[in-house]
Amino acid sequence: MTTLLSSADTLTRDALTVLQPGFTGTDAPDWLLRRLGEGLASVGLFGRNIASPDQLAALTAQLRAEREDVLVAIDEEGGDVTRLEVRGGSSFPGNLALGAVDDTRLTHDVARELGRRLAECGVNLNWAPSADVNSNPSNPVIGVRSFGADPLLVARHTAAYVEGLQSAGVAACAKHFPGHGDTAVDSHHDLPRIAAELRTLQERELVPFRAAIAAGTKAVMSAHILLPALDGTLPATLSHNVLTGLLRAPASEGGLGFDGLIVTDGMEMRAISAVYGIERGSVLAIAAGADAICVGGGLADEDTVLRLRDALVRAVRDGELAEQRLADAAARVRALARWTRSAGATPGALSGERGVAPAPEAGLIAARRALRVTRNGPYEPLTTPAYVAAFTPVANIAVGDETPWGVAAELARLVPGTETGTYGNAGTTEPDAAAQTAEVLRAAGQRRIVAVVRDAHRHAWMSGALDALLAARPDTVVVEMGVPQAAPRGALHIATHGAARVCGRAAAEVIAGG
């Protein structure tokens with residue numbers, strides 16, 4: 001009887017260990033602390049959990065008081081996807097800006113400084129970098145989160161980012177395996193399908209992941225995408241062919257030979273939850289070869305944790321999930337936790353023990369270098385207040401709509417009196433480009449107009465409004481803060497390769513002649 005109870009307790013602990021749940025609030029709730037004592041080994045943090053660096057450090061200390069080796073994970077890519085600076089905008093440009101500069105030393109240094117700041121706050125696992133090759137310029141969810149469309153460029157910067165981040169004691173997580181760059185569908189909403197042949201996947205999608213593994217990435221995140229060349233039935237997150245037969249298998253068998261932690265993308269994303277449900281999806285993911293279940297971006301309560309724990313335990317008892325597979329997954333979670341402890345990713349440890357010197361200007365330096373400026377004739381720097389028209393698309397869920405973007409705040413700091421207006425999608429109806437343009441001209445009056453766009457090539461209404469605006473006011477400055485796919489236009493055109501706060505500052509400096 002004692003053996004059975006011990007076995008049951010071990011099974012339950014393993015089931016908790018493979019979960020990476022979220023929670024609400026800026027303090028750890030009692031239920032989360034209790035579950036850490038029962039075997040939960042990881043916690044995922046989101047923007048809603050962070051108010052300041054000091055608060056975050058106190059929160060992670062609270063978690064570690066309950067479990068010293070807890071993995072504290074975050075989705076901090078820098079650039080458009082930031083949780084540390086969710087309400088003010090990131091101090092770091094995103095991947096596309098780094099790829100545009102194409103200086104791997106710079107990418108390493110930016111990732112190292114980002115890692116240093118995470119470690120100072122007690123975060124030891126970062127769900128970054130995106131290793132996706134953005135081969136589809138109309139991709140609605142990757143875009144500027146990718147280093148670019150060239151597999152070799154993406155590979156060298158993915159490797160540099162992994163090495164930089166992990167040199168600061170924070171585990172990297174290359175995502176979204178085997179590559180989300182050639183999709184026209186956002187997996188937060190539906191299941192994308194990539195029809196590329198296996199040879200194309202080998203020569204394009206997989207190249208950066210091979211580089212990440214060679215660079216020593218501690219984790220890889222799976223994508224909720226269907227790739228018939230690898231598995232015609234199950235999305236990558238649930239596919240044994242993809243996670244075990246490709247990612248885990250040795251190179252001698254045609255695999256990538258990855259032996260670190262495989263974590264899923266958020267299981268409440270509709271590509272999984274709408275078809276399989278999160279319980280069934282989690283069981284299939286662990287059975288396929290995943291080691292950790294990411295959940296909590298949308299479902300962030302104790303009930304979710306208990307449902308997933310019980311689903312995994314039940315699957316083992318029913319013979320649907322091998323007990324050894326669950327035990328192996330839990331062991332990999334614990335192994336990563338041991339690495340982070342030895343790497344020193346705890347508040348204050350880096351400055352005091354590891355000697356990682358702060359580099360507070362690294363992000364701004366990178367943002368300035370990433371600018372691509374095109375002048376259509378002579379340009380007079382702005383010296384009097386301007387009107388900034390921000391043409392705003394609906395934000396994808398990964399980016400969210402909490403984080404401010406654009407150039408208005410930074411330009412107003414340099415040229416006091418500058419005002420701004422927002423134009424775009426208030427709902428599901430396509431905006432009226434002519435009406436938008438008329439409103440901008442009315443609001444601007446005689447002031448110089450700065451039109452800020454984001455992926456103008458993907459939004460017909462935005463491109464139409466910009467054309468009409470330039471026809472009426474050829475002296476308009478255009479700032480493209482998304483993927484600069486459309487041809488440069490405007491008296492001055494600035495491509496920032498991302499919408500981080502530092503990208504806006506770098507653009508504002510050029511506009512004002514700084």
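Relevant structure appears above.
Observations regarding the overall build of the chain
Secondary structure assignment for the chain yields 19 helices and 14 strands. Here the chain has a C-alpha radius of gyration of 23 Å; the compact-globule value for 514 residues is 24 Å, and the two agree. Considered along the principal axes of its C-alpha atoms, the chain spans approximately 85 × 50 × 40 Å. Taken across its 514 residues, the chain has 59% of its residues classed as buried. Contacts in the chain between residues at least 24 apart in sequence constitute 77% of all its contacts with a sequence separation of at least 6. Each charge class in the chain was averaged separately, 47 positive and 58 negative side chains, and the resulting centres sit 3 Å apart.

A closer look at the pattern of salt bridges
Scanning all chains against the criterion turns up 36 salt bridges. The closest approach of N and O atoms between D14 and R334, which form a salt bridge, is 2.7 Å. Here D14 is found in helix α1 (residues 2-17), whereas its partner R334 is found in helix α13 (residues 323-343), with 320 residues between them in sequence. The exposure class of R334 is partly exposed, given its relative accessible area of 25%. A salt bridge links E509 to R505; the nearest nitrogen and oxygen atoms lie 3.4 Å apart. With E509 and R505 both in helix α19 (residues 501-511) and four residues apart, this pair spans about one turn of that helix. It is possible to trace a salt-bridge network through shared partners that takes in D75, E77, R83, R145 and K175.

Digging into the packing of aromatic side chains
In this description, a pair of aromatic rings is defined by centroid distance and the angle of the planes. Summed over the entire model, instances satisfying the criterion amount to five aromatic pairs. Relative to Y161, the ring of F147 lies with its centre 6.4 Å away and its plane at 65°, an arrangement referred to as edge-to-face. Residue F147 is located in the loop between β4 (125-126) and α6 (151-167), and its partner Y161 is located in helix α6; the two are separated by 14 residues in the primary sequence. A residue is classified by how much of its surface remains accessible, and F147, at 2% relative accessible area, is buried. A relative accessible area of 1% places Y161 in the buried class. Aromatic side chains F391 and W461 sit 6.5 Å apart centroid to centroid with 55° between the ring planes, which places their arrangement in the tilted category. One end of the pair, F391, is in strand β10 (residues 387-392); the other, W461, is in helix α18 (residues 460-472), and 70 residues separate them in sequence. The two residues F391 and W461 agree in class, both being buried. Among the aromatic residues, those joined into a ring-pair cluster are F391, Y423 and W461. The positively charged end of R454 is found above the aromatic ring belonging to W405, 4.6 Å away from the centroid.

Quick notes on the pairing of strand β13 (residues 477-480)
The side-chain alternation of β13 yields two buried faces, one formed by V477 and V479 and the other by V478 and E480. Pairing of strand β12 (residues 449-453) with β13 involves four bridges; the strand directions are parallel. Counted as the bridge partner of V453 is E480 from β13. As a crossover connection, the stretch from β12 through α18 into β13 is right-handed.

Concerning the sheet that holds strand β6 (residues 219-222)
Strand pairing in a sheet is mediated by backbone hydrogen bonds. Such pairs are either parallel or antiparallel. Strand order in this open sheet of three strands is β5-β6-β7, and the pairing throughout is parallel. In this open sheet, the two edge strands, each paired with only one partner strand, are β5 (173-177) and β7 (261-263). Strand-to-strand twist of the sheet, defined as the mean angle between neighbouring strand axes without regard to direction, takes the value 25°. In the sheet, β5 pairs with β6 via three bridges, with the strands oriented parallel. Paired with C173 across the two strands is A219, which belongs to β6. Packed onto the sheet, helix α8 (residues 206-214) meets β5 and β6 and runs at close to 160° relative to β5.

A look at helix α5 (residues 104-120)
In this model α5 runs 24 Å from its N-terminal to its C-terminal C-alpha over 17 residues, within 8% of the 24 Å that 1.5 Å per residue would give. With a side-chain oxygen positioned 3.0 Å from the backbone nitrogen of R105, the residue opening α5 is D103. Backbone geometry just after α5 places G122 at a positive phi near 90°.

As for the packing of helix α17 (residues 433-444) against α18
Packing of α17 against α18 brings their axes to within 8 Å, and their N-to-C directions diverge by 45°. Judged on the interaxial angle alone, α18 and α17 are oblique. Relative to α18, α17 is oriented so that their crossing is right-handed. Together, A433, Q436, T437, V440 and L441 of α17 and W461, G464, A465, A468, L469 and A472 of α18 make up the contact between the two elements. Its residues assigned to classes, the contact of α17 with α18 comprises eight nonpolar, three polar and no charged.

Some remarks on the side chain of S130
Along the chain, the position of S130 falls in the loop between β4 and α6. A relative accessible area of 1% places S130 in the buried class. One polar contact links S130 to D132, side chain to side chain, over a distance of 2.7 Å. Looking at S130, its side chain comes within polar contact range of the main-chain oxygen of R145, at 3.5 Å.

As for the side chain of E302
Examined against the element boundaries, E302 turns out to sit in helix α12 (residues 302-317). Within the structure, the side chain of E302 is placed 3.1 Å from the side chain of R34, a separation counted as a polar contact. Setting aside its immediate chain neighbours within four residues, E302 contacts W31, R34 and R35.

Some words on the sheet that holds strand β3 (residues 71-74)
One open sheet holds the three strands; their spatial order is β2-β3-β4, and the pairing between them is parallel. Sheet topology places β2 (42-45) and β4 at the edges, where each strand pairs with a single neighbour. When β2 meets β3, the two strands line up parallel, connected through four bridges. Following the sheet pairing, L45 is matched in β3 by I74. The sheet contacts of helix α3 (residues 53-66) involve β2 and β3, and relative to β2 the element is tilted by about 165°.

The rules behind each value
Residues numbered from 1 in each chain as written. Predicted model: local features only at pLDDT ≥ 70, side-chain atom pairs only at ≥ 80, totals over all residues. Heavy atoms only, no water. Helix = DSSP H or I, 4+ residues; strand = E, 2+ residues; numbered from the N terminus. Rg over C-alpha atoms; globule rule 2.2 N^0.38 Å. Buried < 20%, exposed > 50% of the residue type's maximum accessible area, 1.4 Å probe, protein only. Contact = heavy atoms within 4.5 Å. Lys, Arg positive; Asp, Glu negative; His and termini not counted. Charge placed at Lys NZ, Arg CZ, Asp CG, Glu CD. Salt bridge = Lys/Arg side-chain N within 4 Å of Asp/Glu carboxyl O. Phe/Tyr/Trp six-rings, centres within 6.5 Å; stacked < 30°, edge-to-face > 60°. Lys NZ or Arg CZ within 6 Å of the ring centre and 35° of its normal. Pairing = 2+ DSSP bridges. Right-handed = clockwise from strand over helix to strand, strands pointing away. Axes fitted to C-alpha atoms, helices over the stretch in contact; angles between N-to-C directions. Expected span 1.5 Å × (residues − 1). Polar contact = N/O pair within 3.5 Å; in protein donor to acceptor, adjacent residues only side chain to side chain. Parallel < 35°, antiparallel > 145°, perpendicular 65-115°, else oblique. Left-handed = near helix turned anticlockwise from the far one by under 90°. Nonpolar A, V, L, I, M, F, W, Y, C, P; charged D, E, K, R; others polar.

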